Amino acid sequence: MNQALDLGLDALSLASIYFLAAIGLAITFGVMGVINMAHGEFIMMGAYTGYVVQQVVPDYTLSIIIALPLAFAVTFAAGVAMERLVIRHLYHRPLETLLATFGISVALQQIAKNIFGTQARPLTSPAWLDGAWVLNDVVSISYIRIAIFVLALIFLTLLLFVLNRTRLGLEVRAVTQNPRMAASMGINPDRINMLTFGLGSGIAGIAGVAIGLFAKVTSELGSDYIVQSFMTVVVGGVGNIWGTLAGATLIGFLQKGIEFFNPSNTLAAQTYMIIFIIIFIQFRPRGIIALKGRAAGD
Amino acid sequence: MLQTKDLTLHYSGSQILYGIDMAAERGQVTCVMGTNGVGKTSLLKALSGTHHRSGGSYTLDGEAIAKPPAHALARKGVAYVPQGRDIFPLMTVRENLETGFACLPREERFVPEQIFELFPVLKEMEGRRGGDLSGGQQQQLAIGRALIAQPKLLLLDEPTEGIQPNIIQQIGRVIEYLRDEGKMAIVLVEQYFEFAYGLADEFFVLTRGAVSLSGSKASLTKEEVMASVSV
């Protein structure tokens with residue numbers, strides 16, 4: 001019983017990490033349909049932003065508070081720049097987009113290596129996030145993981161609010177559903193695409209700060225999450241924030257479950273999981289939460 | 001209000017429109033007629049900015065229009081109801097209407113009651129997704145959506161296509177109402193002869209990308225117009 005609870009908490013926190021890593025992608029890939037292989041590098045950029053801020057501001061609490069919006073600003077700018085310079089010219093050409101963004105991903109990793117070296121950099125969490133919430137001998141969960149869970153919840157709410165309740169969200173949905181008609185209604189699709197891509201990238205940056213708090217900050221940080229992020233979005237159902245949540249939950253629990261039965265071998269656990277996902281996609285190609293009704297169209 | 005001179009249009013290599021001179025006035029329905037493939041929809045695309053003309057001039061209310069992006073033309077008061085309606089399928093009826101707010105200053109961003117008086121069905125369906133509506137309801141939504149921005153030029157591309165007779169009548173009454181209101185020029189592209197003839201004040205008949213017959217309703221007999229669009 002205790003063990004199951006502990007496993008459940010572990011799975012939940014893994015799910016929230018995946019959710020955080022994937023939610024930016026849920027916008028750029030899920031909503032806009034852009035395959036951005038450099039998404040992981042935006043996460044990395046966010047984590048390094050956190051590290052740099054800590055070099056300047058020694059107080060760990062304050063530095064995190066500064067790092068979160070700053071990471072958003074840095075990756076938002078990087079995302080906008082990338083959309084204007086590269087992605088914009090490749091809409092509706094997924095293969096070229098994939099190659100171009102993969103190239104950018106490699107380049108960004110190398111730039112990070114040149115600036116920060118190959119050695120892992122620490123992003124230290126403030127003291128009040130150290131330690132763990134101990135229920136009993138078996139069940140405990142570290143405060144960082146709780147904080148990440150809370151952050152994931154905040155993002156879910158924030159994003160649902162932006163997409164469904166604001167003017168920007170309405171224009172984003174109009175442009176993604178029918179860019180030409182949106183333009184005929186007076187909406188500037190170029191501007192909306194740029195902002196949407198920036199938003200997705202900015203959220204990846206914030207996720208980077210959170211992930212940096214428990215993982216080592218290296219130039220390869222992003223590539224550790226890119227595959228999981230795409231899996232999360234695809235399994236959950238493309239074009240849908242709730243789908244990303246469902247996908248992250250499924251993958252988080254699945255991974256922890258497999259690891260529990262096969263504790264010594266994480267590689268095998270990953271393999272089993274990917275096999276499961278391949279089979280799952282055969283039966284539900286549109287993901288867990290598929291769009292329904294006449295409106296879903298093709 | 002609207003005036004084009006020697007307007008031409010190409011799709012990459014092939015020329016579709018050959019020197020169209022046309023005009024449309026406020027408070028009038030200008031009907032563009034012709035058989036399939038003569039360039040009626042292309043003409044509306046050129047006027048709405050979704051596919052730019054390759055030559056000739058286009059003036060709107062005396063202002064010469066260069067080749068601005070479609071959203072800039074929309075903000076100048078050109079509203080477009082395309083063939084096939086192009087409703088945003090996953091957005092509710094209300095949200096579809098609200099997309100038109102992009103052309104309005106912040107304090108004018110509300111859906112006027114008038115829209116729901118013209119199309120009561122939109123009020124009933126307000127919370128439904130656009131893609132779940134029937135063809136007729138979508139057509140009404142598309143016209144309602146175009147009116148939100150209070151356009152001065154309304155471009156309608158085959159609003160009766162695939163729609164049941166009583167809805168067609170209703171759409172006809174709305175077009176008459178908008179004409180009599182006198183705030184906008186209406187350009188109607190239509191294949192359904194009786195419907196178009198009943199509404200039109202001015203005719204432009206296209207044949208192979210050029211105007212083959214034009215004139216006011218008084219200057220042309222019904223038989224002349226009929227003959228010009230028969231194959």
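Fair warning: this is a prediction, and the values are worked out from it, not measured in the lab. (Residues numbered from 1 in each chain as written. Chains lettered and ligands numbered in written order. Predicted model: local features only at pLDDT ≥ 70, side-chain atom pairs only at ≥ 80, totals over all residues. Heavy atoms only, no water.)

## Let's talk about the UniProt feature "transmembrane region" (unreviewed entry) in chain A
All names here are of chain A.
So, step 1. Under the UniProt annotation, the feature "transmembrane region" (unreviewed entry) is placed at residues 12-35, 60-82, 94-112, 143-163, 194-214, 226-254 and 266-283.
So, step 2. The straight-line gap between the two end C-alpha atoms of residues 12-35 is 27 Å; of that span, 83% is helix and 0% is strand.
So, step 3. With 100% helix and 0% strand, residues 143-163 has end C-alpha atoms that lie 30 Å from one another. (UniProt positions renumbered as here; feature names shortened; annotations may be inferred. Helix = DSSP H or I, 4+ residues; strand = E, 2+ residues; numbered from the N terminus.)

## Focus on the interface of chain A and chain B
Quoted interface sizes are often the accessible area lost when the parts come together.
So, step 1. Between chain A and chain B, the residue contacts involve 24 residues of the former and 28 residues of the latter.
So, step 2. Buried area between chain A and chain B, summed over both chains or domains, comes out near 2200 Å², and the portion from carbon and sulfur atoms is 58%.
So, step 3. For the interface between chain A and chain B, the tally reads one salt bridge.
So, step 4. In this structure, Glu-95 of chain B engages Arg-173 of chain A in a salt bridge whose closest nitrogen and oxygen atoms are separated by 2.9 Å.
So, step 5. Across the contact surface, chain A and chain B share seven residue pairs in polar contact (both at pLDDT 80 or more).
So, step 6. Among the elements of the structure, α6 (167-177) and α7 (179-184) of chain A are those that each provide at least two residues to the side of chain A that touches chain B.
So, step 7. A total of six residues in the side of chain A that touches chain B trace back to one element, the largest contributor, which is α6 of chain A.
So, step 8. Here the side of chain A that touches chain B is composed, by residue class, of eleven nonpolar, seven polar and six charged. (Contact = heavy atoms within 4.5 Å. Buried area = accessible area lost by both parts, 1.4 Å probe. Salt bridge = Lys/Arg side-chain N within 4 Å of Asp/Glu carboxyl O. Polar contact = N/O pair within 3.5 Å; in protein donor to acceptor, adjacent residues only side chain to side chain. Nonpolar A, V, L, I, M, F, W, Y, C, P; charged D, E, K, R; others polar.)

## Some remarks on the pairing of strand β2 (residues 14-24) of chain B
Residue and element names in this part refer to chain B.
So, step 1. The pairing of strand β1 (residues 2-11) with β2 spans seven bridges and is classified as antiparallel. Bridge pairing in β2 places His-10 opposite Gln-15.
So, step 2. Turn length for the β1-β2 hairpin, with the two strands adjacent in sequence and antiparallel, is two residues, and the turn residue Ser-12 shows positive phi of about 40°. (Pairing = 2+ DSSP bridges.)

## Some words on helix α11 (residues 266-283) of chain A
Turn by turn, an α-helix covers 3.6 residues, leaving residues three or four places apart pointing in a common direction.
Residue and element names in this part refer to chain A.
So, step 1. Taking 1.5 Å per residue, 18 residues should reach 26 Å; α11 reaches 26 Å between its end C-alpha atoms and fits that length.
So, step 2. Among all positions in α11, only Ala-268, Ala-269, Met-273, Ile-277 and Phe-280 are buried.
So, step 3. Here the buried face of α11 lies against α9 (221-236) and α10 (241-261). (Expected span 1.5 Å × (residues − 1). Buried < 20%, exposed > 50% of the residue type's maximum accessible area, 1.4 Å probe, protein only.)

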